[in-house]
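Letter by letter, the chains look like this.
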Amino acid sequence: MEFGTENVRSTGTGYIVPPVEDEEIYPYARVWPGLAAMAGTLFGVVVAVVLISAVVDPPRNIWSPLGVLLALLPGLLWCLFPWLAERRAELGRERLFAVFIISALLANALGYPLIQHWLAVDSWGAQQPLFTRILIYSLAIGTIPEVLKYLVVRYVAWQDYFRIRADATAYSIAATIGYLTVLHLHYVLEASPPPDTAAIRIFSTTAIALSNSLIVAYGISEMRFSMPSPLLLPGVISIASLISGVVFAVRGNLSNTRLTLAVSTPRLLISLIISAVLLMGISLAMVFLFNTTERQAEEAQGTGL
Amino acid sequence: MTIIEQRFIQPGVTTRQRWSNYFAVLLGVIAVVTLLNLRASIVTATVVYRNDAEGIVATYPQNWLIDENGGVDYIFRVRNMQEVGFKTTFRVSAIPTSTDTARRTVLDALAMERAQTFSNYRILSVEPYTGLGETEASIASYQYIATDQNPFQQSLPAVVQGVDVLVLSREQAIVITMLSDAASFEENSVLFERFLTDLEF
């Protein structure tokens, strides 16, 4: 073989072909493809449910079981994609399922009753002017759940099971999906909404919560692997909360039924599109941010800084 | 094949990490306190109503709908139109009386009139009311079943709990009424107490 001969001549060693260098193996499960597969499948299922509901009117007696199935869907997809990938990886992340379960329990024990019953935000927040509504949603839908999910990640996995920066994302996603599963179950069991409405709401809340968790994950990873200001973590939680507050308030304005004399219905597809674009945009931004930080850390390590 | 894992070893929690954790928890606490404050200020926000002709000044919850077109039935009423089902109503009405009319007589007359118009009307109690300071008053509480007059609403009948606070003043009986869904009666009673405290006539 010409290539091999050239090589023997140039090196002058006894090798017929050059020794194959060991391939560098990434032993951890990759987070972003799992997230993309989970969110993409969820989006596909939701669109399918909306289209089917537009053609075939689902009978009332299947609304509730279908709603429960849709509520469990993000959790099932998380098991199917990110969690299964962890099981297959050489060095899968430990305590991921524990984070999922504890987050769900915390949502049921504290998060949900705090927002829905003790503060009863829905009963007085929805009628307020836009800026007040943004503040209320930022705190109720953003800050409180994000702090609770952070506490789960912090005290279950942060100290002993964080090995690389992507771990923060993986554990935050697990906490978010566990937390949301409880909220979605409460929603479908208490409101018994039509399947298309339930599907769109479940996707919208999942997209916003996942976007938030990606932003907060950056703060958690920085806190673990770098030496940032102590205000970085509360800062990223505040930014994530503000984004969710703005999206909730503005999305409500855009998708609610218009006041008109003609027949008018809520524009649910707008809500779906806004949520999908938000999740995609923030995911891309966070991939870039994580990669940049990782590269800078490697360069700093290489130069001995 | 050998996997060499490069673990990030950190012996313990650094001071910065510890403070970062404290600040995050503090942020959550601040969020809850802020929401509690916002809730208190929004729920207790009121609007002043002044009727110089009748000599009435009242404060009623913000975002409730005021109606002064009651004719002889009432001077004004405010309703919480954001409620699903029966709308909580505060109503102030005046009934002409003579100087020797007893409060109990007016309440009995009201009860007899309502028993003919309301379904399952039932008096729960009639007793003196001391919530208006030195002004002598009586309070009657009752229940009835309210059905939406619009058949297209397809709503279920609601159990309504009502309260009449009656005061005799200048040859007229001032009746201050609260009507609420029985399920949310306790919650609305707090608002009604505040309404009564601020009412001047």
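Residues numbered from 1 in each chain as written. Chains lettered and ligands numbered in written order. Predicted model: local features only at pLDDT ≥ 70, side-chain atom pairs only at ≥ 80, totals over all residues. Heavy atoms only, no water.

A. Just the overall build of chain A, in detail. Of regular secondary structure, chain A possesses ten helices and zero strands. Ordered by position from the N terminus, the helices and strands of chain A form the series α-α-α-α-α-α-α-α-α-α. By the burial criterion, 49% of the 305 residues in chain A qualify as buried. Contacts in chain A between residues at least 24 apart in sequence constitute 79% of all its contacts with a sequence separation of at least 6. (Helix = DSSP H or I, 4+ residues; strand = E, 2+ residues; numbered from the N terminus. Buried < 20%, exposed > 50% of the residue type's maximum accessible area, 1.4 Å probe, protein only. Contact = heavy atoms within 4.5 Å.)

B. Region of the structure containing the nonpolar core. Grouped together as the largest cluster of nonpolar side chains are 71 residues, with contacts concentrated most on V99, F162, I173 and I220 of chain A. Broken down by element, the residue count for this core peaks at 16 residues, all from helix α8 (residues 195-225) of chain A. Once you skip the residues sitting within four places of it in the chain, I220 of chain A turns out to touch Y150, V153, W158, F162, A168, S172 and L233 of chain A. Judged by nonpolar contacts, the second largest core, of 26 residues, contains I75, I139, F185 and F192 of chain B. (Core = buried A, V, L, I, M, F, W, Y, C linked by side-chain atoms within 4.5 Å.)

C. Looking closely at the environment of T205 of chain A. Residue placement: T205 of chain A occurs in helix α8. C-alpha separation for the pair T205 of chain A and L180 of chain A, spaced 25 residues apart in sequence, amounts to 7.9 Å.

D. Representation of the interface of chain B and chain A within the structure. Taken residue by residue, the interface counts 31 residues in chain B and 39 residues in chain A. At the boundary of chain B with chain A, total buried surface from both sides reaches about 3,200 Å², with 68% on carbon and sulfur atoms. On the surface where chain B and chain A come into contact, there are seven residue pairs in polar contact (both at pLDDT 80 or more). Among the residues making up the side of chain B that touches chain A, the classes are represented as 16 nonpolar, eleven polar and four charged. (Buried area = accessible area lost by both parts, 1.4 Å probe. Polar contact = N/O pair within 3.5 Å; in protein donor to acceptor, adjacent residues only side chain to side chain. Nonpolar A, V, L, I, M, F, W, Y, C, P; charged D, E, K, R; others polar.)

E. Representation of the packing of helix α2 (residues 31-55) of chain A against helix α3 (residues 63-88) of chain A in the model. All names here are of chain A. Direction vectors running N to C along α2 and α3 enclose 145 degrees, while the axes themselves pass 9 Å from each other. Pair α2 / α3 crosses with right-handed handedness. Residues G34, A37, M38, T41, L42, V45 and V49 of α2 form the contact with α3, whose own contacting residues are L70, L73, P74, L77, W78, F81 and P82. Across the contact of α2 with α3, the residue classes tally to twelve nonpolar, two polar and no charged. (Axes fitted to C-alpha atoms, helices over the stretch in contact; angles between N-to-C directions. Left-handed = near helix turned anticlockwise from the far one by under 90°.)

F. Seen up close, the packing of aromatic side chains. Enumeration according to the criterion identifies 21 aromatic pairs over all chains in this entry. Ring geometry for Y137 of chain A and F248 of chain A: centres 5.7 Å apart, planes at 50 degrees, overall tilted. Here Y137 of chain A, found in helix α6 (residues 130-161), pairs with F248 of chain A, found in helix α9 (residues 232-255); they are 111 residues apart in sequence, far enough to count as distant. We classify F248 of chain A as buried; its relative accessible area is 17%. Taken together, the ring pairs in this structure connect Y49, W64, F76, F90, F192 and F195 of chain B into an aromatic cluster. Above the ring of Y179 of chain A, the side-chain terminus of K149 of chain A is found at 5.9 Å from the ring centroid. Above the plane of the ring of F225 of chain A lies R224 of chain A, whose end atom (NZ or CZ) is 5.9 Å from the centre. (Phe/Tyr/Trp six-rings, centres within 6.5 Å; stacked < 30°, edge-to-face > 60°. Lys NZ or Arg CZ within 6 Å of the ring centre and 35° of its normal.)

G. Examining the environment of E222 of chain A more closely. Residues and elements named next belong to chain A. Along the chain, E222 falls in helix α8. Take E222: its relative accessible area is 9%, and that puts it in the buried class. For the pair E222 and F290, spaced 68 residues apart in sequence, the C-alpha separation works out to 9.6 Å. Beyond its immediate sequence surroundings of up to four residues, E222 is in contact with R165, M227, P228, L232 and T293. Among the polar contacts listed, one links the side chain of E222 to the side chain of R165, at a separation of 2.6 Å.

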